[in-house]
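# Working through the structure, step by step
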Amino acid sequence: MLNTNKKKSWNVLNWNIRGINSEDKCNAIRLKLDESNCAVYCIQETKREHFDHSFIRKFAPKRFDQFAHSPSQGNSGGILIGWNSSIFSGQVIHNLRFAITIKFTSNHNNDTWMLTSVYGPCQGIERDVFVNWLNDLEIQDDSNWMFMGDFNLYRSLTDRNNPGGNLNDVFIFNEIISNLGLLEIPLKGRKYTWSNMQEDPLLEQLDWCFTSTNWISQYPNTLWLPLSKPTSDHIPCMVQIDTAIPKANVFRFENFWVEQSDFLEIVQSTWNSHVTTTNSVTRVTAKFKLLRRVLKKWSKG
């Protein structure tokens, strides 16, 4: 959902569901929509040729009243993006077999941003078309553009747990990212997003989140977070987008403090304060904590 205070924040859910044509899959998506508290969701590999509002109600709450989809070809592919129109209005810019781009406008402040949900073909001519299309995109310097989804590509051979991999694909992917000037939002707390689900599994990071350079200045606290996986061979992920920069809970000593006339007096009186403990190590630790609190307060005048 969108935080309508002075800072702007919202969440986007992303998941390659590997087919949405069962009750279990619908229930799993609904669970992740609730868990992520998102305003926008992106589903790849729907394996479904048609969507309407009655079907979407099987997994999405009523607040998700707008959608765009790219149909599967038989039992292969398919992309779906849904959003809450009370938060964002959306305009379809690209609707391709391997990508959908929506230009979103905030109903709160008219800010605009672009979202491309990707399902990269694995091989053949379709992959070449996808790679060329992505590489030829033009991103303006002031554009706020996010790319997310299953690219079916990795940036390094270390993005898989077993030896091997296609080094040429690595070069191609990184060259595209460089050409577009994209910044990777690193996945926090997990290394791989896909498993072949075998007893001795092959694990790879195939799901990625990238942004334009300008995005980070507008939304500096953007996080790419893994969620638990109830089904599918891909993990669901959530992007948290926020304009606020989190304050580090770190004490920083400023060198100019020692030049202040009352600095030594403050340090001495605080250090000589009585601390109730019999253990010498604990006593020193407690004195440092107290000194930190006092200096923080003192530095603010």
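Residues numbered from 1 in each chain as written. Predicted model: local features only at pLDDT ≥ 70, side-chain atom pairs only at ≥ 80, totals over all residues. Heavy atoms only, no water.

When a strand is regular, its side chains alternate between the sheet's two faces. Within strand 12 (residues 207–211), 5 of the 5 residues are buried, which leaves the element mostly enclosed by the surrounding structure. Residues of strand 12 alternate between two faces, with Asp 207, Cys 209 and Thr 211 on one and Trp 208 and Phe 210 on the opposite face, all of them buried. Sheet topology places strand 8 (residues 145–150) next to strand 12; 5 bridges connect them, and they run antiparallel. Looking at the pairing, Met 148 lines up with Cys 209 of strand 12. In the sheet, strand 9 (residues 183–184) pairs with strand 12 via 2 bridges, with the strands oriented antiparallel. In the sheet register, Leu 183 faces strand 12, and the bridge partner there is Thr 211. (Buried < 20%, exposed > 50% of the residue type's maximum accessible area, 1.4 Å probe, protein only. Helix = DSSP H or I, 4+ residues; strand = E, 2+ residues; numbered from the N terminus. Pairing = 2+ DSSP bridges.)

Glancing now at the nonpolar core. Side chains of a nonpolar character, in soluble globular proteins, are inclined to be buried together. Grouped together as the largest cluster of nonpolar side chains are 29 residues, with contacts concentrated most on Trp 10, Val 12, Val 40, Phe 104, Trp 113 and Leu 115. Only strand 1 (9–16), strand 2 (40–44), strand 4 (79–83), strand 6 (99–106), strand 7 (112–119), strand 8 and strand 14 (237–242) provide two or more residues apiece to this core. Residue contacts for Val 40: discarding those within four places in its chain leaves Asn 11, Val 12, Leu 13, Phe 64, Ile 81, Gly 82, Trp 83, Phe 88, Phe 104, Trp 113 and Leu 115. (Core = buried A, V, L, I, M, F, W, Y, C linked by side-chain atoms within 4.5 Å. Contact = heavy atoms within 4.5 Å.)

Let us look at a positive patch on the surface. Among the surface-exposed residues, Lys 289, Arg 292, Arg 293, Lys 296 and Lys 300 lie close enough to one another that they form a single positively charged patch. Following the sequence through the fold, Arg 293 ends up in helix 7 (residues 280–299). A relative accessible area of 53% means that Arg 293 is categorised as exposed. (Patch = residues over 30% accessible without salt bridge, like charges linked within 9 Å, V, L, I, M, F, W, Y side chains within 5 Å. Areas by Shrake-Rupley, 256 points an atom, 1.4 Å probe, with all protein chains shown as cover. Salt bridge = Lys/Arg side-chain N within 4 Å of Asp/Glu carboxyl O. Lys, Arg positive; Asp, Glu negative; His and termini not counted. Charge placed at Lys NZ, Arg CZ, Asp CG, Glu CD.)

Within the fold, Thr 116 resides in strand 7. The contacts of Thr 116, once residues within four sequence positions are left out, are Ala 99, Ile 100, Thr 101, Trp 133, Trp 145, Met 146, Phe 147 and Met 148.

Applying the stated criterion to the full structure yields 25 aromatic pairs. Judged by centre distance (5.8 Å) and plane angle (70°), the ring pair of Phe 51 and Phe 55 falls under edge-to-face. The exposure classification of Phe 51 matches that of Phe 55, with both residues buried. The rings of Trp 10, Trp 83, Phe 88, Phe 104, Trp 113, Trp 215 and Tyr 219 are connected pair by pair, giving a single aromatic cluster. Lying across the ring of Trp 271, Lys 287 places its NZ or CZ 5.7 Å from the centre. (Phe/Tyr/Trp six-rings, centres within 6.5 Å; stacked < 30°, edge-to-face > 60°. Lys NZ or Arg CZ within 6 Å of the ring centre and 35° of its normal.)

Spatially, 6 strands are ordered 5-6-7-8-12-9 in an open sheet, and the strand pairing comes out mixed. Here the strands that pair on one side only, and so sit at the sheet edges, are strand 5 (88–95) and strand 9. Bridge count for strand 7 against strand 8 is 6 bridges, and the pairing is parallel. Residue pairing across strands places Leu 115 opposite Met 146, the latter belonging to strand 8.

With that settled, the discussion passes to the packing of helix 3 (residues 124–135) against helix 4 (residues 167–180). It is the contact of helix 3 with helix 4, at a shortest axis distance of 9 Å, that shows an interaxial angle of 25°. When the axes of helix 3 and helix 4 are compared, the pair comes out roughly parallel. The segment helix 3 lies against helix 4, with Arg 127, Val 131, Leu 134 and Asn 135 engaging Asp 169, Ile 172, Ile 176, Asn 179 and Leu 180. The residue inventory of the contact of helix 3 with helix 4, partitioned by class, reads 5 nonpolar, 2 polar and 2 charged. (Axes fitted to C-alpha atoms, helices over the stretch in contact; angles between N-to-C directions. Parallel < 35°, antiparallel > 145°, perpendicular 65-115°, else oblique. Nonpolar A, V, L, I, M, F, W, Y, C, P; charged D, E, K, R; others polar.)

The end-to-end C-alpha distance of helix 7, which contains 20 residues, comes to 28 Å, matching closely the 28 Å that a straight helix rising 1.5 Å per residue would cover. All buried positions along helix 7 are accounted for by Lys 287, Leu 291, Leu 295 and Trp 298. Taken end-on, helix 7 shows its buried residues confined to a sector of 65°, consistent with a single buried face. Away from its buried face by more than 90 degrees, helix 7 exposes Val 281, Arg 293 and Lys 297. The elements touched by buried residues of helix 7 are helix 6 (263–271). (Expected span 1.5 Å × (residues − 1). Arc of directions from axis to C-beta.)

Once that is clear, we can look at the side chain of Asp 150. Among the structural elements, Asp 150 can be located in strand 8. One buried charged side chain, Asp 150, makes no salt bridge at all; its nearest oppositely charged neighbour is Arg 18, positioned 7.6 Å away. Within the local environment of Asp 150, its side chain forms a polar contact with the side chain of Asn 16, the two groups lying 2.9 Å apart. Among the polar contacts listed, one links the side chain of Asp 150 to the side chain of His 234, at a separation of 3.5 Å. Excluding its chain neighbours within four sequence positions, the residues that come into contact with Asp 150 are Asn 16, Gln 44, Val 118, Tyr 119, Gly 120, Leu 206, Asp 207 and His 234. (Polar contact = N/O pair within 3.5 Å; in protein donor to acceptor, adjacent residues only side chain to side chain.)

Treat this as a map of the structure, not an account of what it does.
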